[in-house]
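One letter stands for each residue in the lines below.
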Amino acid sequence: SQKIEQNSEALNIQEGKTATLTCNYTNYSPAYLQWYRQDPGRGPVFLLLIRENEKEKRKERLKVTFDTTLKQSLFHITASQPADSATYLCALAANNAGNMLTFGGGTRLMVKP
Amino acid sequence: EAEVAQSPRYKITEKSQAVAFWCDPISGHATLYWYRQILGQGPELLVQFQDESVVDDSQLPKDRFSAERLKGVDSTLKIQPAELGDSAMYLCASSSGQGADYGYTFGSGTRLTVV
């Protein structure tokens, strides 16, 4: 069966360090992968999109990698700040599913001052 | 900055009652999605519209859920009758193109509690 797995345990890091979140998938042929940020009681906010033929994408302090061989995406936040504390969701659009997004369960990031 | 509007923000309803949620997407966004998110989990797609047409409603429990987007603009999601297991956040999202080449813009959601 198709699965998108993110670490369900919260990631706690110190301010200024780099946070790295993992998204693994099985039985998907993703056309795209996206990352979203979600604050408590709010809807997800789009951060970055990376296509299947791209290895890496950057936006300010954010970096996303996409390894279709390992079936994994890594999401990095450099120089993390307490304001980065939130839940981060990865989402895949499969080639054979009309490119509709399927979300992982999310990983909660806590950045301590 | 343009937003996806959803109402109500919170809804408490009794089991077996009917409930409806409303969504107004970003102007000009042809594609509209309804997702359900149970606390601690990721959003799950219920239905996707392209203009006024349903593109995918395979995960919509059609015995009790219905969705419409009559004029291809705003949309309504209805549950009748509501069950305890329907307690969740109902999220509406829109995008400027069909498919995930475009990031989705989500509303703030409707938090439904069925008692």
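Residues numbered from 1 in each chain as written. Chains lettered and ligands numbered in written order. Predicted model: local features only at pLDDT ≥ 70, side-chain atom pairs only at ≥ 80, totals over all residues. Heavy atoms only, no water.

Trainee: Sorry, what's going on with the overall build of chain B here?
Mentor: When helices and strands are counted, chain B shows zero helices and eleven strands. If you list the helices and strands of chain B from N to C, you get β-β-β-β-β-β-β-β-β-β-β. In terms of overall dimensions, chain B is globule-like: its C-alpha atoms have a radius of gyration of 13 Å, near the 13 Å expected for 115 residues. Considering only intrachain contacts with a sequence separation of at least 6, the fraction spanning at least 24 residues in chain B is 54%. Just so you have it, chain B exposes about 5500 Å², and 46% of that area is on carbon and sulfur atoms. Between the mean site of the 10 positive side-chain charges and the mean site of the 15 negative ones, chain B shows a separation of 7 Å. (Helix = DSSP H or I, 4+ residues; strand = E, 2+ residues; numbered from the N terminus. Rg over C-alpha atoms; globule rule 2.2 N^0.38 Å. Contact = heavy atoms within 4.5 Å. Areas by Shrake-Rupley, 256 points an atom, 1.4 Å probe, with all protein chains shown as cover. Lys, Arg positive; Asp, Glu negative; His and termini not counted. Charge placed at Lys NZ, Arg CZ, Asp CG, Glu CD.)

Trainee: How should the pairing of strand β5 (residues 45-51) of chain A be read in this particular structure?
Mentor: For a regular strand, side-chain orientation follows a simple rule: the groups alternate between the two sheet faces. Bridge count between strand β4 (residues 30-38) of chain A and β5(A): six bridges; the pairing is antiparallel. Counted as the bridge partner of R37(A) is V45(A) from β5(A). (Pairing = 2+ DSSP bridges.)

Trainee: How do you make sense of the sheet that holds strand β3 (residues 19-26) of chain A when you look at a structure like this?
Mentor: Residues and elements named next belong to chain A. Taking strand neighbours across the sheet as the criterion, the five strands line up as β1-β3-β8-β7-β6 in an open arrangement whose pairing is antiparallel. For this open sheet the edge positions go to β1 (3-6) and β6 (56-59), each flanked by a neighbour on one side alone. Across this sheet, the average inter-strand angle for adjacent strands is 15°, counted without regard to direction. Across six bridges, β3 lies against strand β8 (residues 72-77) in antiparallel orientation. Note on β8: the bridge partner recorded for A19 is I77. (Axes fitted to C-alpha atoms, helices over the stretch in contact; angles between N-to-C directions.)

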